[in-house]
Amino acid sequence: MSEAPSKTLTVVPSSTELMAELPLHWATPASWARRAADDLPTFLADHAICEQQAALFGLSLVGHYPEDRDLVVKMSALAAEEVAHLRRVTTLLHKRGLELQGRRPNPWVHRLRQHLQKGDNALLKVDRLCLGALIEARSCERFTCLLREIVDRDPEVALLLQDLGPAEKRHWRLFIELARRELPESEFEPRWQRWLEIEGHLSQQGGIRPTVHG
Ligand SMILES: [Fe+2]
Ligand SMILES: [Fe+2]
């Protein structure tokens, strides 16, 4: 469920507090946040496409697994929420005289996708849900990291990020709960840990572009 937009800024969690609530193995350095803060038009245009892609990803899972009622209900709701996020980012872009940009390469997602199980089977479903969890968790981490950097510089963007960080935190948990149903814990946990290692390794090579996953 999408919450009403915040009207006031609250205390931003420290990196340590945030990482304690996320499964991620590697914390984004403050240098990335400074880079994104110095180029908010690029960040926001990329952010809008991330929200659009998140909605499409949720809907694609509904298309892949129409017999899974729990997934259909939760991913439909998630897609609606991501569209609401897209609308908020788009409104802010337009207010600043900026336009949406079209699809652009997202090397981080592209490289993660290369690790999906091949073939349309039960393990691919688990992997797609783990991928969704990773995208949401890293997005939450990046939004909060940038929020810490701009909270005193750009209250308008800060309010947006203050709302969206916690939403994406809910979303990674939603994906991982759906994924956990698919395998016995003894098989699921090593698979999830392998995903986290891959993501951590990939992210350590990033932090160099002012985009959500750059
Ligand atoms: Fe979102
Ligand atoms: Fe999300």
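Heads up: the structure comes first, above all this text.
The following refers to the structure shown. Note that the coordinates shown come from a computational prediction; the quantities given were computed from them, not determined experimentally.

What counts and how
Residues numbered from 1 in each chain as written. Chains lettered and ligands numbered in written order. Predicted model: local features only at pLDDT ≥ 70, side-chain atom pairs only at ≥ 80, totals over all residues. Heavy atoms only, no water. Core = buried A, V, L, I, M, F, W, Y, C linked by side-chain atoms within 4.5 Å. Buried < 20%, exposed > 50% of the residue type's maximum accessible area, 1.4 Å probe, protein only. Helix = DSSP H or I, 4+ residues; strand = E, 2+ residues; numbered from the N terminus. Contact = heavy atoms within 4.5 Å. Phe/Tyr/Trp six-rings, centres within 6.5 Å; stacked < 30°, edge-to-face > 60°. Donors = N, O, S within 2.8 Å, 3.2 Å for Na, K, Ca; no water. Tetrahedral: all angles 85-135°; square planar, octahedral: opposite > 155°, others 65-115°. Axes fitted to C-alpha atoms, helices over the stretch in contact; angles between N-to-C directions. Parallel < 35°, antiparallel > 145°, perpendicular 65-115°, else oblique. Left-handed = near helix turned anticlockwise from the far one by under 90°. Nonpolar A, V, L, I, M, F, W, Y, C, P; charged D, E, K, R; others polar. Expected span 1.5 Å × (residues − 1).

1. Here we look at the nonpolar core
And step 1. Within the largest apolar cluster, 38 residues are counted, with the highest numbers of intra-cluster contacts made by M75 and W192.
And step 2. Counting residues per element, the ones that place at least two in this core are helix 1 (15–20), helix 3 (40–64), helix 4 (69–95), helix 5 (107–113), helix 6 (122–150), helix 7 (155–180) and helix 8 (185–204).
And step 3. It is helix 6 that provides the largest number of residues to this core, a total of 10 residues.
And step 4. Other than its neighbours up to four places away in sequence, W192 contacts P23, C130, A133, L134, W172, I176 and R180.
And step 5. Core analysis: the second largest hydrophobic core is formed by 26 residues, W32, A37, V89 and L160 among them.

2. Notes on the packing of aromatic side chains
And step 1. In this structure the tally under the stated criterion is 3 aromatic pairs.
And step 2. Ring geometry for W32 and F43: centres 6.2 Å apart, planes at 65°, overall edge-to-face. Of this pair, W32 sits in helix 2 (residues 30–37) while F43 sits in helix 3, and the two are 11 residues apart along the sequence.
And step 3. The exposure class assigned to W32 is buried, which follows from its relative accessible area of 0%.

3. Here's the deal with the coordination of the iron ion (ligand 1)
And step 1. With distances of 2.0 to 2.2 Å, the protein atoms coordinating the iron ion (ligand 1) are E51 (OE), E82 (OE), H85 (ND1) and E168 (OE).
And step 2. Because the angles between the 4 donor atoms bound to the iron ion (ligand 1) fall within 88 to 142°, the donor set is best described as irregular.
And step 3. The sequence motif formed by the donor residues of the iron ion (ligand 1) is E-x30-E-x2-H-x82-E.
And step 4. Separating the iron ion (ligand 1) from the iron ion (ligand 2) is a gap of 3.5 Å, bridged by E82, which donates to each. Taken as a pair, E82 in helix 4 and E168 in helix 7 lie far apart in primary sequence, 86 residues in all. Per residue, the accessibility class of E82 equals that of E168, and both read buried.

4. Section: the packing of helix 6 against helix 7
And step 1. Relative to each other, helix 6 and helix 7 sit at 160°, their axes nearing to 8 Å. What the angle tells us is that helix 6 and helix 7 run roughly antiparallel. Note on packing geometry: the crossing formed by helix 6 with helix 7 is left-handed.
And step 2. Looking at the contact of helix 6 with helix 7 residue by residue, the classes come out as 19 nonpolar, 6 polar and 3 charged.

5. Here's the deal with the coordination of the iron ion (ligand 2)
And step 1. In this structure, E82 (OE), E136 (OE), E136 (OE), E168 (OE) and H171 (ND1) serve as the protein donors to the iron ion (ligand 2), at separations of 1.9 to 2.6 Å.
And step 2. Look at where the donors of the iron ion (ligand 2) fall in the sequence and you get E-x53-E-x31-E-x2-H.

6. Side note on helix 7
And step 1. The first and last C-alpha atoms of helix 7 sit 38 Å apart over 26 residues, in line with the 38 Å expected at 1.5 Å per residue.
And step 2. Of all 26 residues making up helix 7, 19 are buried, and the element is well covered by its neighbours.

7. Comments concerning the environment of P210
And step 1. Mapped onto the fold, P210 is located in the segment after helix 8.
And step 2. The spatial distance from the C-alpha of P210 to the C-alpha of F43 is 5.5 Å, given a sequence separation of 167 residues.
And step 3. Sequence-distant contacts of P210, defined by excluding residues within four places in its chain, comprise W32, R35, A36, D39, T42 and F43.

8. Section: the packing of helix 3 against helix 7
For any two helices packed against each other, one specifies the crossing angle of their axes together with the interaxial distance.
And step 1. Orientation of helix 3 relative to helix 7, taken along the N-to-C sense of each, is 30°, at an axis distance of 13 Å. Judged on the interaxial angle alone, helix 7 and helix 3 are roughly parallel. Here helix 3 and helix 7 pass one another in a crossing that is left-handed. Contacts between helix 3 and helix 7 involve L40, F43, L44, H47, E51, F57 and L61 on the former and, on the latter, V157, L160, L161, L164, E168 and F175.
And step 2. For the contact of helix 3 with helix 7, the residue count by class is 10 nonpolar, 1 polar and 2 charged.

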